[in-house]
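Listed below are the residues making up each chain.
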Amino acid sequence: MSLKFTEKKVPYIDLGDGYRVCLQDDGCAHGAEFEREARQSINETPENMKRGLEEMRRLIATDRQLYISDDADWYLNVYLRAAKYDAREAFNTLQTNSKLKLKNPEYFVSSASVRHVFEEGLVWVLPERNHDGSVIVVIESGKRWNPSKVSVVQLNAAVNAVIAVLTTSEEAQLHGCILLFDVDGLSMSHIMQFTPKSTGIMLTLIEKCSPIRVLTTQTINTGAIYSFLFAIIKPLQTKRMREMTVLHGRNLAPLGKYISPEILPPRFGGTSKAPLCDGRLFAELMMQYDSWIEKSLLPFGYTRKNSISS
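Quick notes on the rules
Sequence order sets the numbering: in each chain, residues are counted from 1 along the sequence as written. For this predicted model, a pLDDT threshold of at least 70 governs which residues receive local features, and a threshold of 80 or more governs which side-chain atom pairs are given and counted, while totals over whole chains, interfaces and linings are taken from all residues. Think of the side-chain values as coming from all heavy atoms in the structure, minus any hydrogens and water. Helix and strand assignments come from DSSP, with helices taken as H or I runs of at least 4 residues and strands as E runs of at least 2, each series counted from the N terminus. In what follows, a contact means two residues having at least one pair of non-hydrogen atoms within 4.5 Å. N or O atoms closer than or at 3.5 Å make up a polar contact, with two conditions inside protein: a donor-capable atom paired with an acceptor-capable one, and, for residues adjacent in sequence, both atoms drawn from side chains. To estimate how far a helix should reach, multiply one less than its number of residues by 1.5 Å. Each residue is placed in one exposure class: buried if its accessible area under a 1.4 Å probe, protein chains only, is under 20% of its type's maximum, exposed if it is over 50%, and partly exposed if it falls in between. One side-chain nitrogen of Lys or Arg within 4 Å of one carboxyl oxygen of Asp or Glu is enough to make a salt bridge. UniProt positions are given in the numbering used here, feature names are shortened, and annotations may be inferred rather than shown by experiment. Between the rings of Phe, Tyr and Trp (Trp by its six-membered ring), a pair exists once the centres lie within 6.5 Å; its type follows the angle of the planes, with under 30 degrees stacked, over 60 edge-to-face, and the other angles tilted. Only buried residues count toward a nonpolar core. Its members are Ala, Val, Leu, Ile, Met, Phe, Trp, Tyr and Cys residues joined through side-chain atoms within 4.5 Å. An arc is given here, and it is the one of the directions from the helix axis to the C-beta atoms. Pairing between strands is defined by DSSP: at least two bridges between them are needed. Geometry is summarised by axes, namely lines fitted to C-alpha atoms with helices restricted to the contacting stretch, and by angles between N-to-C directions that run from 0 to 180 degrees.

- Named according to an unreviewed UniProt entry, the chain is CRAL-TRIO domain-containing protein originating from Aedes albopictus.

Following this line, the structure appears as structure tokens:
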């Protein structure tokens, strides 16, 4: 198991036995026909791409405090894909993302800032893609999470950093992602981390400002203690967020309706033979994008120099 690079200098983790973890896929794992259907499902045509970018630039020009560089059409196209080429929706998502980043910059950080979160093995990505092409991002929110080492803010910031890197992936842009929360071993010390503010920000990150479509959130190994946490979360959820949220107890068989069992590790009720990725290696993979996040991605949006009132 080691960090390697493709001929195009794209970093990936070689897990052995033919499995690898790559965050920057430039093609669809399920073939050209599946990719073509995905582009159709998000209304991607040359005409819509051209019209969408023109409309996005026009909308950005109406907000003089919003900074997006002139050579960042790739970045705007990420939002357009997430919005299925509805330029107004894409612009609203971009604005929401930028406003949240201005007011809560601790959630928008470089890989280095949350390296310890990855090293603890709390946020990682399954090596194989789901039946619908989506990327599965795993968040260990139970016994593996030591709140004295990693705060809930840092945990969410690490997830946000992974989402940021996935904007470089053609596959993730086309098919979106699923967030898989494992709350096995959740305790009151974990629940105390979830204030109304941090919970509200977490929900906003997932639903209203992600540049990669979050298709669903799957939470497994829920129990009595999780009910206390969900009592905090539920009142803050919108109708759409409630529809995106799926809870599972100890019986993980229903999870297979959303995530292919053959790509899930046995401890998640699956049959995948892929070795589990070492947290330190996943941290090294994320570090390959540290400078890019800090220099090419984080500067976009609203700056403190040109602050906004809302």
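Still to come is the rest of the account.
### So, the environment of Thr216
- In this structure, Thr216 sits in strand E7 (residues 214-220).
- Remark: the alpha-carbon pair of Thr216 and Leu15, spanning 201 residues in sequence, is separated by 27 Å.
- Apart from residues no more than four positions distant in its own chain, Thr216 is found in contact with Cys177, Ile178, Leu179 and Met244.
- Of note is the side chain of Thr216, whose polar atom sits 3.0 Å from the side chain of Gln218.

### Regarding helix H4 (residues 87-103)
- The end-to-end C-alpha distance of H4, which contains 17 residues, comes to 24 Å, matching closely the 24 Å that a straight helix rising 1.5 Å per residue would cover.
- Looking at H4, one finds that the buried residues are Ala87, Ala90, Phe91, Thr93, Leu94, Gln95, Asn97, Ser98, Leu100, Lys101 and Leu102.
- Where H4 is buried, its residues contact helix H2 (46-61), helix H3 (73-82), helix H9 (196-207) and helix H13 (290-297).
- If you check the start of H4, you find a side-chain oxygen 3.2 Å away from the backbone N of Arg88, and it comes from Asp86.

### Things to note about the pattern of salt bridges
- Under the definition given, this model contains 18 salt bridges.
- The closest approach of N and O atoms between Arg81 and Glu170, which form a salt bridge, is 3.1 Å. Here Arg81 is found in helix H3, whereas its partner Glu170 is found in helix H7 (residues 170-175), with 89 residues between them in sequence.
- Connected via shared salt-bridge partners are Glu35, Arg39, Glu44, Arg81 and Glu170.

### Quick word on the UniProt feature "domain: CRAL-TRIO" (unreviewed entry) in the chain
- Summarizing the sequence annotation, UniProt attributes the feature "domain: CRAL-TRIO" (unreviewed entry) to residues 110-276 in the numbering used throughout.
- Helix makes up 35% of residues 110-276 and strand 15%, whereas the separation of the span's terminal C-alpha atoms amounts to 24 Å.

### Some words on the packing of aromatic side chains
- Per the counting criterion, the structure on display carries nine aromatic pairs.
- With a centroid separation of 5.5 Å and an interplanar angle of 65°, the aromatic rings of Trp74 and Tyr75 are classed as edge-to-face.
- Geometrically, the ring pair formed by Trp74 and Trp292 is tilted, given 5.9 Å between the ring centres and 45° between the ring planes. Here Trp292 lies in helix H13 and Trp74 lies in helix H3, a separation of 218 residues in the sequence.
- Overall, the relative accessible area of 35% leaves Trp74 in the partly exposed class.
- Using a relative accessible area of 22% as the deciding quantity, one classes Trp292 as partly exposed.

### Looking at the nonpolar core
- By size, the foremost hydrophobic cluster in this structure holds 72 residues, and its most contacted members are Phe118, Val123, Val162, Leu166, Leu179, Leu180 and Phe282.
- In terms of residues, this core owes the most to one element, helix H6 (residues 152-166), which gives ten residues.
- Other than its neighbours up to four places away in sequence, Leu179 contacts Val137, Ile139, Val159, Ile206, Val214, Thr216, Thr217 and Gln218.

### Here's the deal with unusual backbone geometry
- With phi around 70°, Lys9 is a residue other than glycine that occupies positive phi space.
- Within the element layout of this structure, Lys9 appears in the loop between strand E1 (2-5) and strand E2 (11-16).
- If you check the backbone angles, Tyr85 has positive phi at about 70° while not being a glycine.

### As for H13
- Buried residues of H13: Asp290, Ile293 and Leu297, and no others. Buried residues of H13, seen end-on, are gathered within an arc of 110° and therefore sit on one face of the element.
- Buried residues in H13 make contact with H3, H4, H6 and helix H12 (279-287).

### Here we look at the sheet that holds strand E4 (residues 123-125)
- Read across the sheet, five strands follow the order E4-E5-E6-E7-E8 without closing on themselves; strand pairing throughout is mixed. The open sheet is flanked by E4 and strand E8 (245-247), the only strands paired with a single partner. Each neighbouring strand pair of the sheet contributes to a mean axis angle of 20°, computed without reference to strand direction.
- Alignment of strand E5 (residues 135-140) against strand E6 (residues 177-182), held across six bridges, turns out to be parallel. Looking at the pairing, Val137 lines up with Leu179 of E6.

### Observations concerning the pairing of E7
- Burial of E7 is extensive: six of the seven residues sit out of reach of the surface.
- Both E6 and E7 contribute to a ladder of six bridges, which runs parallel. When the sheet's bridge partners are listed, Ile178 is paired in E7 with Thr216.
- Across three bridges, E7 lies against E8 in parallel orientation. Bridging across to E8, Thr217 finds its partner in Thr245.

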